[in-house]
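Given next are the chains, with one letter for each unit.
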There are 2 protein chains.
Amino acid sequence: MKDPVIFTTKAFGAQTKSSPLAATTIERRTPTPHDVQIEILYCGVCHSDLHTVRDEWGGTVYPCVPGHEIVGRVTKVGSDVTKFKPGDIAAVGCMVDSCRSCPSCREGLEQFCEAGMIQTYNSPDKYSGGVTYGGYSENIVVSEDFVLRVPENLELAAVAPLLCAGITTYSPLRHWKVGKGQKVGIVGLGGLGHMGVKFASAFGAHVVLFTTSPGKTKDALRLGAHEVVISKNPDEMKKHLNSFDFILDAVSADHDINAYLELLKRDGTLTLIGAPQKPLGASAFNLIFKRRQFAGSLIGGIAETQEMLDFCGQHGITSDIEMIKIDQINEAYERMLKSDVKYRFVIDMASLKK
Amino acid sequence: MKDPVIFTTKAFGAQTKSSPLAATTIERRTPTPHDVQIEILYCGVCHSDLHTVRDEWGGTVYPCVPGHEIVGRVTKVGSDVTKFKPGDIAAVGCMVDSCRSCPSCREGLEQFCEAGMIQTYNSPDKYSGGVTYGGYSENIVVSEDFVLRVPENLELAAVAPLLCAGITTYSPLRHWKVGKGQKVGIVGLGGLGHMGVKFASAFGAHVVLFTTSPGKTKDALRLGAHEVVISKNPDEMKKHLNSFDFILDAVSADHDINAYLELLKRDGTLTLIGAPQKPLGASAFNLIFKRRQFAGSLIGGIAETQEMLDFCGQHGITSDIEMIKIDQINEAYERMLKSDVKYRFVIDMASLKK
C-alpha cells in the first residue's frame, strides 16, 4: 500500500499510563479513495477510554488518544466515496476496520472479526504502522464502510454515546428478540444501563431496572423503566424469582450472578455487557433446572449500528448527557469512577480548538 | 381423591442415609382408571440414585427406593387406559407426574413443571401421602401419560438407561439443533457422555470427546467420536480454540469451565448436564468476545422422551451396559464412584424375585 500523505491534527491524550490527559498533536492520513475525513464535533466518554488510557487491560501504546463515540461533519471524501459528501453529519463508533472476509465480517458482525476488528483507538493502524487514535481530536479519517449516517432530527451531542453505549445495549436486546409481552431486566443505571432502559422500553417490553442506589428510582422511571428493584434487598429480589424473559447486565464490578440467574424464567437468558475482571460463579443448578442461558454480547456490527441510529431517529432516542470541555476530561474520569454522571459525559470538541 | 386399594411389592432400598440398600417391601396402589401397572424387568443405575439414597442433595425421605431407568411389561391397566394393554413392553423415566396445566407442562416440558414435576422416587406421592418409590422394585404403577412405548427391535436391558442418560443427552442436542456440518464436543465419557457421543454422531455432527483418561480413547472412537482430546493437556485443548458449535458437558465434578468456553465459536453454546456442587466461574470476556452462551439442560419432556426412544429404535441405539443382580447394587455404587463402569449398570430385576 502506498504511504498516504499525512497531516497533523490537535488531540488530547496520555503520554504514559500514569499521566493525565493533555493536549498533543497527532498525525492522520489524508483520505485514500475510500476514506472520509470528519471534523469531530462531539465525542462521548466511555469507561473503556479510562481503562485503556491507564493500561488497565494491558497492551496500551502511548501516546494514547481515546474516544469511540464520535459525531462530526464530513470535510473531505476520497475519490471513490459514494455514501458521504462534505457537509454531511457522520458518526464513528468502536471500530474503524476489520478483515472484511471472515465469516463474521461477511455476516455483518465485524465486532467478532476473526482476524480481530480494528478498534477506533489503540489498534494496529495499517496506514501509519502505529496505532489508531480516537475521537479526543479535531479530525478523524475512516474508511466510508465504517462511517455511520446520523438522523437529522437528533441533538448531535446526545447522539455521540449511541455509538458505543447505544449499540452495546441495542444489539443484545435485538439478538435475543426482546419485545412486547416480555419482562426484561436491566442491571445497573449508568451509561450502558440507561440506554438499555430506553431501548427495552421502546421495544415494548415491561422493563425492570435493578440498582443498588435507591436514589436512582425516580430517574429510572423517567427513562422508561416500569419497576425499580433495589438489588441489595433480598426480599425485593425474591419477588421476581423465575419471572424474567431476558436480563441485560451492564455491571462491570464483581457481583453475584446467581442472584440474577434465578430471576430468569425457563429458557430465559442473562447477557453480560459489563465485564467484571473476576470470573462470575454460576450455579449449575440455576442453569439446569430452568434451561437458562448465561451469555455475553459485544457492541454490534456496522449495519446494526446504522439500524440503531435510524431507530433512534424514528423514536427520538438519544443519550442523557453532561457536556464538558476537553480540559475537564481528567476530572470527568474521576467522577466517572464514582458513577457521578447522568449518564454520559460528552466532550464539546470545539473546546479543543481554543 | 378416593384412596385406591393397596398391594405390596418387593423392593430394594435404604432405611437411612448411611445404611446399605437391602430388600424391603413397599406398597403400590392398584391401577386407577388412568394407570398402568408394570412388572419391572430392568432398571438402570444412575448417579442420582446414589446421591438421593445417601441424602447428598438433602430432602431424602426413608425408606428410599431409587431407580428411574425402568423397562418392564404391562401387567394391568386401568379402565380408561388406551395406550397400553397387558403384555406390552413399556418404560418409565425420571418423572411419573406433573401439574399438567402450567405453561411448561402445556408445552410438553413437564420436567420444568412450574409446580414441580413428580419424580419417580422421593417426590410427594398424592396417592399414598408419602413419597414415590422408584424402579428397584418388582412392580410400579404410573399414569399412562408418563409411560413410554419401547421399540421392539432393541435389547430391553440396554434400553433402560435411555430413560435418563439417553434423554438427558438427546434433549439438549436437539434443543440446540446439533446436526450435519457442526463440530460438537462431549465432555466426559460416562453414562451420560457415552450416550452424548452416540446421539451427536447419529445426528451427523463431527464429534470430539474430551476426557481426562487416555485409556478411554479407543472406546470413544468405537462409540462414534471422530476425535478424542485429553483435556489435561493444554496444548491439545488450544488446538481447538474458537472451533465448536456446541459442547455438551456431562462432568459433575468441579472443573475449569473457561477451558471449554474458549473452545466455542462465536454464538456457540456450552450446555451443562452434569451438576457440580460449586459454582462454575465463567469469564465475562469469554462470553462477551464471541457472544457465547453457557447453559444448562434437564432430562426432557415425555413427548421428547418418546421421540428419543423411537429414534433409538430406527437407528439401533442403546446404552452400553454392565448387567448386575440386585444384591450387587451396593458394590455397583462403589464402582460407580470410581467411574468403573462401561457405561451404565443395569439391574436384572428377575434377581429380586428370588
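*Asks:* How should the packing of aromatic side chains be read in this particular structure?
*Replies:* Ring pairs (aromatic) are described by centroid distance and by the angle formed between their planes. If you walk through the whole model with that rule in mind, you get 20 aromatic pairs over all chains. Both rings, one in Tyr170 of chain A and one in Phe203 of chain A, keep their centres 5.5 Å apart while their planes meet at 75°; by these two values the pair is edge-to-face. Linking Tyr170 of chain A in helix α4 (residues 165-175) with Phe203 of chain A in the loop between α5 (191-202) and β11 (206-211), this pair joins segments that are 33 residues apart in sequence. Note on Phe203 of chain A: relative accessible area 8%, which makes it buried. Both rings, one in Phe210 of chain B and one in Tyr260 of chain B, keep their centres 5.3 Å apart while their planes meet at 90°; by these two values the pair is edge-to-face. Of the two residues, Phe210 of chain B sits in strand β11 (residues 206-211) while Tyr260 of chain B sits in helix α8 (residues 258-261), which places them 50 residues apart along the sequence. Residue Phe210 of chain B shares its accessibility class with Tyr260 of chain B, and that shared class is buried. Among the aromatic residues, ring-to-ring pairing joins Tyr170, Phe199, Phe203 and Phe311 of chain A into one connected group. A cation over a ring is seen here: Arg174 of chain A above Phe203 of chain A, with NZ or CZ 3.8 Å from the ring centre. One Lys or Arg, Lys183 of chain B, reaches over the ring of Phe244 of chain B and ends 4.6 Å from the middle of that ring.

*Asks:* Help me understand the domain arrangement of chain A in this model?
*Replies:* Many descriptions give the size of an interface as the accessible area lost when the pieces come together. Residues and elements named next belong to chain A. As far as domains go, chain A holds domain 1 (6-164 + 320-352) and domain 2 (165-296). Computed over C-alpha atoms, the centres of domain 1 and domain 2 are 28 Å apart. Counting residues at the interface gives eleven residues for domain 1 and 14 residues for domain 2. Approximately 1000 Å² of surface area, both sides summed, lies buried where domain 1 meets domain 2, with 45% of it carried by carbon and sulfur atoms. The tally of links between domain 1 and domain 2 comes to two salt bridges. A salt bridge links Asp320 to Lys198, with the nearest nitrogen and oxygen atoms 2.6 Å apart. Summed over the shared surface of domain 1 and domain 2, the result is twelve residue pairs in polar contact (both at pLDDT 80 or more). Taken together, the residues of the side of domain 1 that touches domain 2 break down into six nonpolar, no polar and five charged.

*Asks:* Looking at this model, I keep getting lost on the pairing of strand β10 (residues 183-187) of chain A. Mind explaining?
*Replies:* Looking along a regular strand, one sees the side chains alternate between the two faces of the sheet. Residues and elements named next belong to chain A. In terms of residue burial, β10 counts as a mostly covered element, since five of its five residues are buried. Two strands pair when backbone bridges link them, and β10 and β11 are joined in this way by five bridges, in the parallel orientation. Its bridge partner lying in β11, Ile186 is registered against Leu209. Once the chain exits β10 it traverses α5 before rejoining the sheet at β11, and the crossover so formed is right-handed. Of the pairings in the sheet, the one linking β10 to strand β13 (residues 244-249) comprises four bridges and is parallel in character. By the bridge assignment, Val187 is partnered in β13 with Asp249.

*Asks:* Sorry if this is basic, but what is going on with the interface of chain A and chain B here?
*Replies:* Contacts between the two partners involve 37 residues from chain A and, on the opposite side, 37 residues from chain B. Of all residues in chain A, the largest losses of buried area upon contact with chain B belong to Arg266, Ile288 and Arg291 of chain A, amounting jointly to 24% of the total for that side. Where chain A meets chain B, there are two salt bridges. A salt bridge links Arg266 of chain B to Glu107 of chain A; the shortest N-O distance between them is 3.1 Å.

About the criteria used
Residues numbered from 1 in each chain as written. Chains lettered and ligands numbered in written order. Predicted model: local features only at pLDDT ≥ 70, side-chain atom pairs only at ≥ 80, totals over all residues. Heavy atoms only, no water. Phe/Tyr/Trp six-rings, centres within 6.5 Å; stacked < 30°, edge-to-face > 60°. Helix = DSSP H or I, 4+ residues; strand = E, 2+ residues; numbered from the N terminus. Buried < 20%, exposed > 50% of the residue type's maximum accessible area, 1.4 Å probe, protein only. Lys NZ or Arg CZ within 6 Å of the ring centre and 35° of its normal. Domains from an automatic or database assignment. Contact = heavy atoms within 4.5 Å. Buried area = accessible area lost by both parts, 1.4 Å probe. Salt bridge = Lys/Arg side-chain N within 4 Å of Asp/Glu carboxyl O. Polar contact = N/O pair within 3.5 Å; in protein donor to acceptor, adjacent residues only side chain to side chain. Nonpolar A, V, L, I, M, F, W, Y, C, P; charged D, E, K, R; others polar. Pairing = 2+ DSSP bridges. Right-handed = clockwise from strand over helix to strand, strands pointing away.

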